[in-house]
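Residue-level structural notes
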Amino acid sequence: MRVVFMGTPDFSVPALEKIAEKHEVTGVVTQQDRPKGRGHKMQFTPVKEKAIELGIPVFQPEKVKNPEFVDILREMNPDVIVVIAFGQILSKEILDLPKHGCINVHASLLPKYRGAAPIQWAVIDGEEYSGVTTMYMAEGLDTGDMIDKKIIKLDEKETGGSLFDKLSIEGGALILETLEKLENNTVKRIPQNDDESTYAGKITKELGQIDFYKSATEIERLIRGLNPWPSAYTHLDGKVLKIWAADVIEQEVKEEPGTICKNNKSLRAATGKGYLDIKELQLEGKKRMDVASFLNGYQIDAVKFGE
């Protein structure tokens, strides 16, 4: 089939590679290049880099719904438009343009976790399962009819980063199955039950600030969900302290939440329920390290985290 691919981050790359092996990708549409780093050097999106490597024409409209670009899409005459983490809303004119419609690969088991950050929230909320869903795009937010799903079980120490990588690979495999059904006219449309939907809002840096009045279990999930970005954090001796990994100790807590409990080998925080046993951390201006290395080289003066 003739496919136009729309995507931007590295999450979208495996799907583009898979599609290009089996179908004619007539164009790749991605977000505009952005300055990055101290030098503010313009950087290609991961999808643009891969498209150039594959020899596929790249388009970077400021707004994909601009009439001039819609005309370009119409000239490409795609059988289907595949959209994965593109970053712009498609107009109804674009949604109705391809013969087989616009197909989205969404990183959740819809209708659960519609929205911008389904991967991180699945970890933060302690979900046992996650996955990817292919769906027809509609004018609502992730509300279109579903086609296929791939379910995976989260590991005990799953992070936002590790789940991102897994679902990226699964999405690439699943879209091929869906495209084959579209080509063979064997697709079964499955309407979403709006009553079962949940919303996964954007992840912000502020979300990472740890509230030690919550349970150790909730905090540990937050740490994993926000790893590698933006990370969960607190303050120690007036400096930002990022916590990268921790365990939960289910014991009765007598200290005030946030109280620092340490010895030569361990660093724990009292929480609203249980203790948070910190395993890996990073103090402002320092490298990321394990707790033993940190305690060997740093004298903690504060009584509580957050101070």
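What to know about unusual backbone geometry
- Across the junction of Leu110 and Pro111, the peptide omega takes the value 10°, indicating a cis bond.
- Not every positive phi belongs to a glycine, and Asp142 is a case in point at roughly 55°.
- Along the chain, the position of Asp142 falls in the loop between β9 (129-136) and β10 (146-153).
- Positive phi is not limited to glycine here, since Asp237 has a value of about 50°.
- The topology assignment puts Asp237 in the loop between β12 (232-236) and β13 (239-249).

A word on the nonpolar core
- Ranked by internal contacts, the top residues of the largest apolar core, which has 34 residues, are Phe5 and Ile19.
- Considering each element in turn, this core owes the most residues, seven residues, to helix α6 (residues 160-184).
- Residue contacts for Ile19: discarding those within four places in its chain leaves Val3, Phe5, Val25, Val82, Ile175, Leu176 and Leu179.
- Residues Ile203, Leu236, Leu276 and Phe305 belong to the second largest nonpolar core, which totals 27 residues.

A word on the environment of Val13
- Assignment of secondary structure puts Val13 in helix α1 (residues 13-22).
- Assessed through its relative accessible area of 12%, Val13 is described here as buried.
- Placed 155 residues apart in sequence, Val13 and Ser168 show a C-alpha to C-alpha distance of 7.9 Å.
- Non-local contacts of Val13, meaning those with residues more than four positions away in its chain, are made with Pro46, Val47 and Lys50.

So, how was this worked out
- Residues numbered from 1 in each chain as written.
- Predicted model: local features only at pLDDT ≥ 70, side-chain atom pairs only at ≥ 80, totals over all residues.
- Heavy atoms only, no water.
- Helix = DSSP H or I, 4+ residues; strand = E, 2+ residues; numbered from the N terminus.
- Core = buried A, V, L, I, M, F, W, Y, C linked by side-chain atoms within 4.5 Å.
- Buried < 20%, exposed > 50% of the residue type's maximum accessible area, 1.4 Å probe, protein only.
- Contact = heavy atoms within 4.5 Å.

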